[in-house]
Amino acid sequence: MLAYTLRRLGGAIPTLFVVMTVSFFMMRLAPGGPFDRERMLAPAVEANIKKAYNLDQPLVVQYGIYLGKALRGDLGPSFKYQDYSVVELIESGFPVSFEIGIAAILLAVIAGGGLGIFAALRQNSGVDHAVMATAMIGITVPNFVMAPLMTLVLGVYLRLLPVGGYGGGSLRNLILPTVTLALPPVAYIARLTRASMIEVLRSNYIRTARAKGLPGRLVVGRHALRAAFLPVVSYLGPAIAGIITGSVVIETIFGIPGIGRYFVQGALNRDYTLVMGVVIFYGSLIILLNLLVDLAYGVLDPKIRYD
Amino acid sequence: MTDAATSQDSTTLEEIAGRSLWQDALARLRRNRAAVVSIFVLSFITLLAIFAPYLSPHPFDEVYWDAIRAPPDFAQAHWFGTDANGRDLFVRTLYGARVSLAVGLAATSVSLVIGVTYGAIAGYFGGRVDSAMMRFVDVMYSLPFLFFVILLMVVFGRHIVLIFVAIGAVEWLTMARIVRGQTLSLKRREFIEAARAGGVSTAKIIRRHIIPNTIGPVIAYSTLTIPQVILTESFLSFLGLGVQEPYTSWGVLVSEGAAEIESAPWMLIFPAIFLAASLFCFNFIGDGLRDAFDPRDR
């Protein structure tokens, strides 16, 4: 297991290198640039700006310069958010996104897993359909509809929660964004849990566990859930990476200073260094989380071996 | 009791008559009430979408200057009201169904075919093959999706087929990881070892033994891919890659409606009902199919 983990961590370096290289050239091949405005800049001014950011060099040279700096942990200055370096932007925004994201994931695993098990134990009954239909609300109602709807009802009409703002991270301000962020993964986790739970409950070892007189709660909780959670864990790797890096919709609607918006805004503004920064950051998270998922497989199903 | 007895009888009969898996599955699907109702509802929506131009006196792109953001009005035959540009929402919702259902189904099929095959191969072979294939998936996850979309647009121009390509290219990734995870667990089971010991070819083990046993999570995930794709399409349309005015889709209608949630709630409600109803139907049909194809469930 240790050897496998080390091998995978070693493999992360070439993977990240490929991600950086492909992203860099893909981004630069796309039309438009960070200093294109509707009103043309004076040619001398534009040339000076480009020179300051090394944009006047051939692309391959720029890539070399970027790579050299990135290896030393310098992701450059943001083109759009002037006076901030990309590292500063990520450092200040990520803790916020992470806090909300982790809370949302925990909520989704507990609620989704619970609903999935509950429905699987009552397969094809009215209760099953009702529970699954409720869980599906999270994915059928898109978050750009759900967020204003919840703000309207809980914030404006009932005045229970603040309509937006980060409020220095106070709990009351984080409830709505966390719940909204958690709803789609609740639907995914509930459906995946239900589907695999139904199959696992029919397997021989569950029948054995029941036959030896184990109470139903233990059969489900200890024996069935482990195997049934395998596809959920597969889903969780990429899902966690996506959720803890924030969501542009939720950050915009609730006024949360996270990093989700940089993914979309960076691309639309052609903020090259910011895009590369978030790509490297997100890529590292994906690689790390997928490694953790693969290690978790071994815990959930001891028969899984990597050799 | 009688029900259990008949199904017992039919099982024995099936074995004697040697009915195919498909006939068997169809018969079981027919007994699932939720799935049957869903198939009817979805067929109905599809028929509405196909015959949309004949169902309303209004063309989908006609602007009614005197009825901008008008609430549902039966006298004028604006059954769902009109949108912010004064176009009839009933016809637009049905035209939106064409794009959304087509994109949803096509992109989900792509993700199904590529994701399941890719995941099963990576998981079954394991070792270096698995490492290489899964690192490729990690790279695909990490690439900036927006630039991928912009580049596609630059190279091929604006075309609706590109939506399928762009969405299909990302939607298979999680499917592949789920199937690979299941395969890693399945390939150590006794029946796979038995098949291998019996000299069954690798391709056949993957096709006949591994893939059918991943069907539960695969169908559950596919039914979630459809709404995901329909919403991604609305995002791409917003960026200019998806459907362009005057054409529309459910995703676009819903996001336009969300902006008018207080001033013109019908702009959100009607497309949202169609979207939600179809998604629930896909959901129940998916569950029905899963049950119908489950070899252990007789």
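Residues numbered from 1 in each chain as written. Chains lettered and ligands numbered in written order. Predicted model: local features only at pLDDT ≥ 70, side-chain atom pairs only at ≥ 80, totals over all residues.

Describing the overall build of chain A
At step 1: Counting its secondary structure elements, chain A contains 13 helices and 0 strands.
At step 2: In sequence order, chain A lays out its α and β elements as α-α-α-α-α-α-α-α-α-α-α-α-α.
At step 3: Here the C-alpha coordinates of chain A stretch approximately 85 × 60 × 30 Å along the principal axes.
At step 4: Burial statistics for chain A: of 307 residues in total, 43% are counted as buried.
At step 5: For chain A, contacts bridging at least 24 residues in sequence account for 73% of all contacts bridging at least 6. (Helix = DSSP H or I, 4+ residues; strand = E, 2+ residues; numbered from the N terminus. Buried ≥ 20, exposed ≤ 12 C-beta atoms within 10 Å, placed from the backbone. Contact = placed C-beta atoms within 7 Å.)

What to know about helix α5 (residues 89-125) of chain B
Residues and elements named next belong to chain B.
At step 1: Along its 37 residues, α5 runs 52 Å from first to last C-alpha, staying within 8% of the 54 Å computed at 1.5 Å per residue.
At step 2: Most of α5 is tucked away, with 27 of its 37 residues classed as buried.
At step 3: In the stretch just after α5, G126 is the one whose phi turns positive, near 60 degrees. (Expected span 1.5 Å × (residues − 1).)

Some points on the environment of B:G123
At step 1: Assignment of secondary structure puts B:G123 in helix α5.
At step 2: Sequence spacing of B:G123 and B:L29 is 94 residues, and the spatial spacing of their C-alpha atoms is 30 Å.

Quick notes on the environment of A:S247
Residue and element names in this part refer to chain A.
At step 1: As for its position among the elements, S247 is in the loop between α10 (230-244) and α11 (248-254).
At step 2: Residue classification places S247 among the buried residues on the basis of 28 C-beta atoms within 10 Å.
At step 3: Put simply, S247 and G258 are 11 residues apart on the chain and 8.3 Å apart in space, counted from C-alpha to C-alpha.

Some thoughts on the interface of chain A and chain B
At step 1: Listed by partner, the interface residues are 49 residues for chain A and 45 residues for chain B.
At step 2: Mapped onto the side of chain A that touches chain B, the elements with two or more residues apiece are α1 (2-29), α5 (126-140), α6 (143-157), α7 (171-200), α10, α12 (260-268) and α13 (272-300) of chain A.
At step 3: Broken down by element, the side of chain A that touches chain B gets its largest block of residues, 9 residues, from α1(A).
At step 4: In the side of chain A that touches chain B, the residues fall into 34 nonpolar, 10 polar and 5 charged. (Nonpolar A, V, L, I, M, F, W, Y, C, P; charged D, E, K, R; others polar.)

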